[in-house]
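Observations on chain architecture
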Amino acid sequence: MGKFTFDEINSMYFDVLKEIGNIGAGNATTSIATMLNIKLNMEVPNVRLMGIEELTTAICPEEEEIVGIFLELQEDISGSMMFLLKMDAAYYLLNHLLGRGDDYRQEFDEMDLSAMKEIGNIIAGSYLTALSSMTNLTISPSIPYIAVDMAGAILSIPAIQFGQFGDNALLIETEFGDDVMIEGYFILLPELDSYDRILTSLGIAL
């Protein structure tokens, strides 16, 4: 078990994690804009440290359907990460990517799910690139898993993950778009030893 605990987090640790979130969100927005061939603006991400039990209500009601993309982290960092989108945001991205009208709202088929995985892969990769660049650590994501389900069910995954390590989670909320601004939610779940490694690599004594 590493020396780092969320319960003992101080402002320096949080500022570093927030900066990684800011850079990752910028990279992700640029990547999505390139993928969709549209101009996207991004608001300053909102980075919050909160209790696991607060995650669901911070995003939406537990019974609301959302899209969740889950990846495992390997190499120098062990853990997992999630990217969450409300359904309106998911349809907005998919409809632009697949050349459909903005009002398309049919149930996701295999092509939609595959495209959504690719969007999630690009977004997650952008965050990991930011983290790797700042820390000089090698981080490789697994093949993404996707779920379309109620928020309470999807967010039971980080609750189980963090139940082993502590009571708090880091939630990064990003907002981007052109005429319509959409929200995405990013949860990074490194194991505690990996947090030690991240902060040590940035020159922060533990």
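Here the residue index of a chain counts from 1 through its sequence in written order. Residues qualify for local features only when their pLDDT is at least 70, as the model is predicted, and side-chain atom pairs are given and counted only at 80 or more; totals for whole chains, interfaces and linings, by contrast, use all residues. Computation of side-chain values covers all heavy atoms of the structure but excludes hydrogens and water.

Put simply, DSSP marks the helices as runs of H or I at least four residues long and the strands as runs of E at least two long, and each gets a number from the N terminus on. Check the secondary structure of the chain and you find seven helices and eight strands. When accessible area is computed with a 1.4 Å probe and restricted to protein chains, residues below 20% of their type maximum are described as buried, those above 50% as exposed, and intermediate ones as partly exposed. Counting over 206 residues, the chain shows a buried share of 49%. Only heavy atoms enter the contact rule, under which two residues are in contact if any of them lie within 4.5 Å. Contacts spanning at least 24 positions in sequence make up 73% of the contacts within the chain whose residues lie at least 6 apart. Areas reported here follow the Shrake-Rupley algorithm with a probe of radius 1.4 Å; residue values treat only the protein chains shown as occluding. Only carbon and sulfur atoms are counted for the fraction: they give 47% of the accessible area of the chain, which is about 9500 Å².

Think of two packed helices as two axes; the pair is described by the angle between the axes and how far apart they sit. For the pair helix H3 (residues 87–97) and helix H4 (residues 110–135), interaxial distance at closest approach is 10 Å and the crossing angle is 100°. On the basis of the axis angle, H3 is roughly perpendicular to H4. Each of Ala90, Leu93, Leu94 and Leu97 in H3 lies in contact with H4, whose residues at this interface are Asp112, Ala115, Met116 and Ile119. Note on residue categories: nonpolar means Ala, Val, Leu, Ile, Met, Phe, Trp, Tyr, Cys or Pro, charged means Asp, Glu, Lys or Arg, and polar means any other residue, Gly included. When the residues that make up the contact of H3 with H4 are grouped by side-chain class, the tally is seven nonpolar, no polar and one charged. Structural elements are reduced to axes, namely lines fitted to C-alpha atoms, with helices fitted over the stretch in contact, and the angle between N-to-C directions of any two is expressed from 0 to 180 degrees. By the definition adopted for this analysis, an angle is roughly parallel if under 35 degrees, roughly antiparallel if over 145, roughly perpendicular if from 65 to 115, and oblique otherwise.

By size, the foremost hydrophobic cluster in this structure holds 45 residues, and its most contacted members are Met81, Leu93, Met116 and Tyr127. Those elements that place two or more of their residues in this core are helix H1 (11–36), strand S3 (65–75), strand S4 (79–86), H3, H4, strand S7 (168–177), strand S8 (181–190) and helix H7 (192–201). Take this core: its biggest share by element is nine residues, from H1. Each residue touching Met81, except ones within four places of it in the same chain, is listed here: Ile69, Phe70, Leu71, Leu73, Ala124, Tyr127, Leu128, Phe186, Ile187 and Leu188. For this analysis, a nonpolar core means a set of buried residues of the types Ala, Val, Leu, Ile, Met, Phe, Trp, Tyr and Cys, connected via side-chain atoms within 4.5 Å.

In this section: H4. Multiplying one less than the number of residues by 1.5 Å gives the expected span of a helix. Its 26 residues place the ends of H4 37 Å apart at the C-alpha level, agreeing with the 38 Å of an ideal helix rising 1.5 Å per residue. Two N or O atoms form a polar contact when they lie within 3.5 Å of each other; inside protein one atom must be a possible hydrogen donor and the other a possible acceptor, and for residues adjacent in sequence the pair counts only when both atoms belong to side chains. N-cap assignment for H4: the residue whose side-chain oxygen lies 3.1 Å from the backbone N of Met111 is Asp109. Asn136 lies just past H4 and shows a positive phi near 60°.

The predicted model of the chain has a mean per-residue pLDDT of 77, with 82% of residues at 70 or higher. A residue's pLDDT is the confidence the predictor assigns to it, expressed on a 0 to 100 scale. Between the elements of the chain, mean pLDDT differs from a low of 60, seen in helix H6 (residues 156–163), to a high of 88, seen in strand S6 (residues 145–150).

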